[in-house]
Amino acid sequence: MSETYPIKDKEALHSFRDYYKDTSPNPRNYSLIVTGLNTAFRISDLLSLQWRDVCHTDGALRKHICVSEQKTGKTRTVPINAALRQTLDSYRSFCSETAPQDFLFPSTRHKSCPLSRSQAYRIVRRAAESCGLSEHVGCHSLRKTFGYYAWKQGTPPAMLMDLYNHSSYQITRRYLGIGQDERDQVYLEINL
């Protein structure tokens with residue numbers, strides 16, 4: 001499997017994100033992508049989410065999603081932002097009766113099981129290919145894209161390192177996918 005990159009082009013990102021909303025409607029797949037982009041969870045943590053992780057027992061959406069990361073064992077608490085709240089509200093109304101222990105993104109074949117990692121990959125790749133995105137877009141691109149846009153909006157790399165629960169700055173820097181275009185931009189914007 002090749003290395004994945006963040007989706008840097010905003011127009012391509014919107015087309016990618018909305019593929020399962022506008023082009024090939026599928027509320028589960030659309031919610032998977034929007035949740036991944038807005039939480040920066042690893043795919044294993046994303047697929048293990050249950051309705052109780054996002055909703056109170058009365059059905060109201062929580063303010064935060066709290067996850068014990070499978071890879072690190074660390075707990076991450078992520079607020080449900082406006083875009084994610086709207087998506088989850090719509091997705092919840094689409095889903096017929098859900099129990100708290102039901103997976104947020106269930107397998108089509110086995111409703112009591114979560115979507116598999118390979119199926120999640122196929123979902124992401126199908127949306128990426130439809131938008132003309134490279135072969136370097138996969139499930140981890142959702143996580144990397146979150147960081148890239150947070151960084152572009154001025155979030156310090158040290159904060160991103162903390163949000164990602166990374167052990168080193170080098171890992172976070174690699175996630176951001178800083179390339180020659182970003183380096184050039186720094187030089188071209190400095191006109192002393």
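S.K.: Looking at this structure, I do not really get helix α6 (residues 117-130). What am I missing?
M.R.: Given 3.6 residues to a turn, an α-helix orients residues that are three or four positions apart in the same direction. The end-to-end C-alpha distance of α6, which contains 14 residues, comes to 20 Å, matching closely the 20 Å that a straight helix rising 1.5 Å per residue would cover. On its buried side, α6 packs onto α1 (10-23), α2 (27-39), α3 (43-47) and α7 (139-152). At the exit of α6 stands G132, carrying a positive phi of roughly 75 degrees.

S.K.: Teacher, can you tell me more about the packing of aromatic side chains here?
M.R.: Where two aromatic rings form a pair, the distance of their centres and the angle of their planes describe that pair. For the coordinates displayed, the defined rule picks out six aromatic pairs. Geometrically, the ring pair formed by Y19 and Y20 is edge-to-face, given 4.8 Å between the ring centres and 80 degrees between the ring planes. Its relative accessible area of 8% is what places Y19 among the buried residues. Assessed through its relative accessible area of 3%, Y20 is described here as buried. Considering the side-chain rings of Y148 and W151, the 6.0 Å spacing of their centres and the 55 degrees angle between planes classify their relative orientation as tilted. Linking Y148 with W151, this pair stays in helix α7, spanning three residues, or about one helical turn. The ring of Y175 has K144 lying over it, and the distance from NZ or CZ to the ring centre is 5.2 Å.

S.K.: How should the side chain of E182 be read in this particular structure?
M.R.: The residue E182 is located in helix α10 (residues 180-189) in this model. Once residues lying within four places of it in the same chain are set aside, the contact partners of E182 are K8, Y148, W151, K152 and G177.

S.K.: I keep staring at the pairing of strand β1 (residues 64-68) and nothing clicks. Help me out?
M.R.: For a regular strand, the rule is simple: side chains alternate between the two faces of the sheet. Covered by surrounding structure in β1 are I65 and V67 only, the residues H64, C66 and S68 on the alternate face being uncovered. A loop of six residues connects β1 with strand β2 (residues 75-79), the two strands running antiparallel in sequence, and G73 in this loop sits at a positive phi of about 80 degrees.

S.K.: Hey, could you run me through the pattern of salt bridges in this one?
M.R.: Once the charged atoms of two side chains with opposite charge are near each other, the side chains can pair. In this structure the tally under the stated criterion is six salt bridges. Residue R42 pairs with E69 through a salt bridge whose shortest N-O separation is 3.3 Å. Placement of the pair is R42 in the loop between α2 and α3 and E69 in the loop between β1 and β2, with a sequence separation of 27 residues. Classification of R42 by relative accessible area gives buried; the value is 9%. One continuous salt-bridge network, built from bridges that share partners, spans R42, E69 and R76.

S.K.: Looking at this structure, how should I read the environment of T57?
M.R.: Within the secondary structure, T57 is located in the loop between α4 (51-54) and β1. With a relative accessible area of 85%, T57 lands in the exposed category.

S.K.: Whenever I open this one, a nonpolar patch on the surface confuses me. Can you help?
M.R.: A cluster of nonpolar side chains, V186, Y187, I190 and L192, forms an exposed patch at the surface whose accessible area comes to about 570 Å². Tracing the backbone through its elements, the reader meets L192 in the segment after α10.

S.K.: Help me understand the pairing of β2, please; the structure alone is not making it clear to me.
M.R.: Residues R76 and V78 point to one face of β2 and are all buried, whereas T75, T77 and P79, pointing to the other face, are not buried. Bridging between β1 and β2 involves five bridges; their strand directions are antiparallel. Bridge assignment links C66 to a residue of β2, and that residue is T77.

Quick notes on the rules
Residues numbered from 1 in each chain as written. Predicted model: local features only at pLDDT ≥ 70, side-chain atom pairs only at ≥ 80, totals over all residues. Heavy atoms only, no water. Helix = DSSP H or I, 4+ residues; strand = E, 2+ residues; numbered from the N terminus. Expected span 1.5 Å × (residues − 1). Contact = heavy atoms within 4.5 Å. Phe/Tyr/Trp six-rings, centres within 6.5 Å; stacked < 30°, edge-to-face > 60°. Buried < 20%, exposed > 50% of the residue type's maximum accessible area, 1.4 Å probe, protein only. Lys NZ or Arg CZ within 6 Å of the ring centre and 35° of its normal. Pairing = 2+ DSSP bridges. Salt bridge = Lys/Arg side-chain N within 4 Å of Asp/Glu carboxyl O. Patch = residues over 30% accessible without salt bridge, like charges linked within 9 Å, V, L, I, M, F, W, Y side chains within 5 Å. Areas by Shrake-Rupley, 256 points an atom, 1.4 Å probe, with all protein chains shown as cover.

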